[in-house]
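If you want the building blocks of each chain, they are given just below.
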Amino acid sequence: MMKALCYLGQNKGIRWQSVPKPKIKLPTDVVGKILATTICGTDLHIVKGHVPECTECAESQPERGLILGHEGIIEIEETGSKVSKFKKGDICIVSCISPCGECYYCKKNIQAHCRETDTHCGWILGHTIDGTQAEYVRVPFADHGLYKVPKGISYDALIMLSDILPTAYEVGVLNGKVKEGDTVAIVGLGPVGLSALISTKSMNPAKIIAIDMDDSRLEVAKRMGADEIINPSKTDAKEKVHELTASEFKNSGVDVAMECVGIPQTFEMCEDLIGPGGHISNVGVHGSAVQLKLQELWGKNVTMSTGLVSAYSTAELLQKIVDGKIHPESLATHHFKLDEFEKAYEVFSDPGKSKAIKVVLTSE
Ligand SMILES: NC(=O)c1ccc[n+]([C@@H]2O[C@H](COP(=O)([O-])OP(=O)(O)OC[C@H]3O[C@@H](n4cnc5c(N)ncnc54)[C@H](O)[C@@H]3O)[C@@H](O)[C@H]2O)c1
Ligand SMILES: [Zn+2]
Ligand SMILES: [Zn+2]
């Protein structure tokens with residue numbers, strides 16, 4: 001047996017409880033001991049009942065529920081017979097995406113649509129199978145979803161590679177075509193927006209403008225290297241951004257506007273901030289339609305991208321950490337032991353009060 005954080009179903013909440021320890025099921029699996037893990041905003045949505053497939057999975061096993069979590073660092077205990085890249089004792093980052101590595105989409109590097117995952121979205125851990133918020137985890141397709149940890153890097157930095165850094169880098173920075181010398185606006189400075197800030201910074205932009213309604217998030221953004229901060233509840237963000245970006249050589253507006261909130265208001269703000277030839281890079285998950293101001297955008301040669309994380313950039317980001325180009329450990333604001341999981345959820349779900357960005361839970 002082991003202890004794990006289980007989501008019990010609609011309005012039934014979560015519980016740290018005893019469940020059977022996972023075993024190898026398929027030859028491509030590994031089973032690992034969790035050394036560090038964390039909580040994602042998506043886990044909070046699951047607990048609120050907003051992700052129906054998780055609720056269905058949890059309720060199909062009453063009292064036992066579904067173990068949450070899709071981020072973690074493990075020490076491998078056992079490998080399936082077809083795992084070729086890893087062995088017992090290896091310490092690895094677990095990716096939020098568990099791609100098969102073989103299907104049409106995996107070969108096109110859009111593992112977010114892997115056909116072999118039952119949800120066809122690459123994300124299965126803590127979604128439709130038990131996840132990483134536990135003492136042990138079974139990781140499917142281990143050869144494609146694990147990354148060996150180099151010595152001397154903190155778990156606080158490495159854990160950000162499971163999800164938020166690849167999300168922000170792939171969907172925000174790479175899809176957004178951020179280049180050296182660009183002026184970039186980031187709207188929303190939660191864990192994802194701050195990860196976008198960290199990875200944008202590594203591209204040597206001319207200026208980063210951080211926009212959020214929460215002054216304490218703006219202060220964090222400033223500490224992490226934002227050149228300008230704007231709180232749109234106090235300042236007209238459109239006016240301010242155009243004022244900050246006006247020059248005698250070019251029209252005003254940013255080169256890249258990254259939407260990291262997921263509501264129409266902030267997407268539409270990005271449309272107002274963008275300059276000629278700019279790119280709107282949408283990272284937020286949207287639940288409703290937005291107003292596309294095509295009548296303004298087409299004539300400004302504005303391009304646009306959306307995306308779902310594939311985690312194909314994990315190795316590249318790991319190298320940036322090793323080279324000292326990015327320092328994502330600054331996102332880890334709170335630390336707990338695994339058996340304090342329920343308290344960690346309370347802290348993470350109330351960032352207004354706790355000022356939490358990422359909470360890190362460790363086994364020791
Ligand atoms: N595309 C993907 O693959 C992917 C993956 C993970 C998360 N996401 C999405 O990224 C988004 C950000 O995630 P997060 O965990 O950082 O979220 P979060 O809720 O923790 O942070 C959102 C931030 O936006 C700010 N905000 C809210 N309303 C605002 C407004 N009107 N103007 C300016 N700022 C405002 C909040 O103060 C907060 O700091 C979410 O929509 C999430 O679902 C996308
Ligand atoms: Zn996540
Ligand atoms: Zn695949």
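Residues numbered from 1 in each chain as written. Chains lettered and ligands numbered in written order. Predicted model: local features only at pLDDT ≥ 70, side-chain atom pairs only at ≥ 80, totals over all residues. Heavy atoms only, no water.

Comments concerning the coordination of the zinc ion (ligand 2)
Coordination sphere of the zinc ion (ligand 2), protein contribution only: Cys40 (SG), His70 (NE2) and Asp163 (OD), at 1.8 to 2.2 Å. Counting the intervening residues between successive donors of the zinc ion (ligand 2) yields the motif C-x29-H-x92-D. In this pair, histidine 70 is assigned in the loop between β4 (66–67) and β5 (72–79) and aspartate 163 in the loop between α5 (155–158) and α6 (164–174), connecting sequence segments 93 residues apart. Assessed through its relative accessible area of 3%, histidine 70 is described here as buried. We classify aspartate 163 as buried; its relative accessible area is 8%. (Donors = N, O, S within 2.8 Å, 3.2 Å for Na, K, Ca; no water. Helix = DSSP H or I, 4+ residues; strand = E, 2+ residues; numbered from the N terminus. Buried < 20%, exposed > 50% of the residue type's maximum accessible area, 1.4 Å probe, protein only.)

Thoughts on the packing of α6 against helix α7 (residues 191–201)
For any two helices packed against each other, the geometry comes down to the angle between their axes and how far apart the axes lie. α7 packs onto α6 with a crossing angle of 65° between their chain directions and a minimal axis gap of 8 Å. Overall, the two elements α6 and α7 adopt an arrangement that is roughly perpendicular. The interaxial crossing formed by α6 with α7 has right-handed handedness. Contacts from Ile164, Leu165, Thr167, Ala168, Tyr169 and Val173 in α6 reach Pro191, Val192, Ser195, Ala196, Ser199 and Thr200 in α7. (Axes fitted to C-alpha atoms, helices over the stretch in contact; angles between N-to-C directions. Parallel < 35°, antiparallel > 145°, perpendicular 65-115°, else oblique. Left-handed = near helix turned anticlockwise from the far one by under 90°. Contact = heavy atoms within 4.5 Å.)

Examining helix α2 (residues 52–59)
Those residues of α2 that fall on the buried side of the exposure criterion are Cys54, Thr55, Cys57 and Ala58. In an axial view of α2, the angular spread of the buried residues amounts to 165°, which keeps them on one side of the axis. The exposed set on the far side of α2, more than 90 degrees from its buried face, consists of Pro52 and Glu56. The elements touched by buried residues of α2 are β1 (2–7), α1 (41–47) and β4. (Arc of directions from axis to C-beta.)

Regarding the coordination of the zinc ion (ligand 3)
Surrounding the zinc ion (ligand 3) are the protein donor atoms Cys100 (SG), Cys103 (SG), Cys106 (SG) and Cys114 (SG), which sit 2.3 to 2.4 Å from the metal. Metal-centred angles of 103 to 117° between the four donor atoms at the zinc ion (ligand 3) mark the site as tetrahedral. All donor residues of the zinc ion (ligand 3) come from one chain, and their arrangement in sequence is C-x2-C-x2-C-x7-C. Note on accessibility: cysteine 103 and cysteine 106 belong to one class, buried. (Tetrahedral: all angles 85-135°; square planar, octahedral: opposite > 155°, others 65-115°.)

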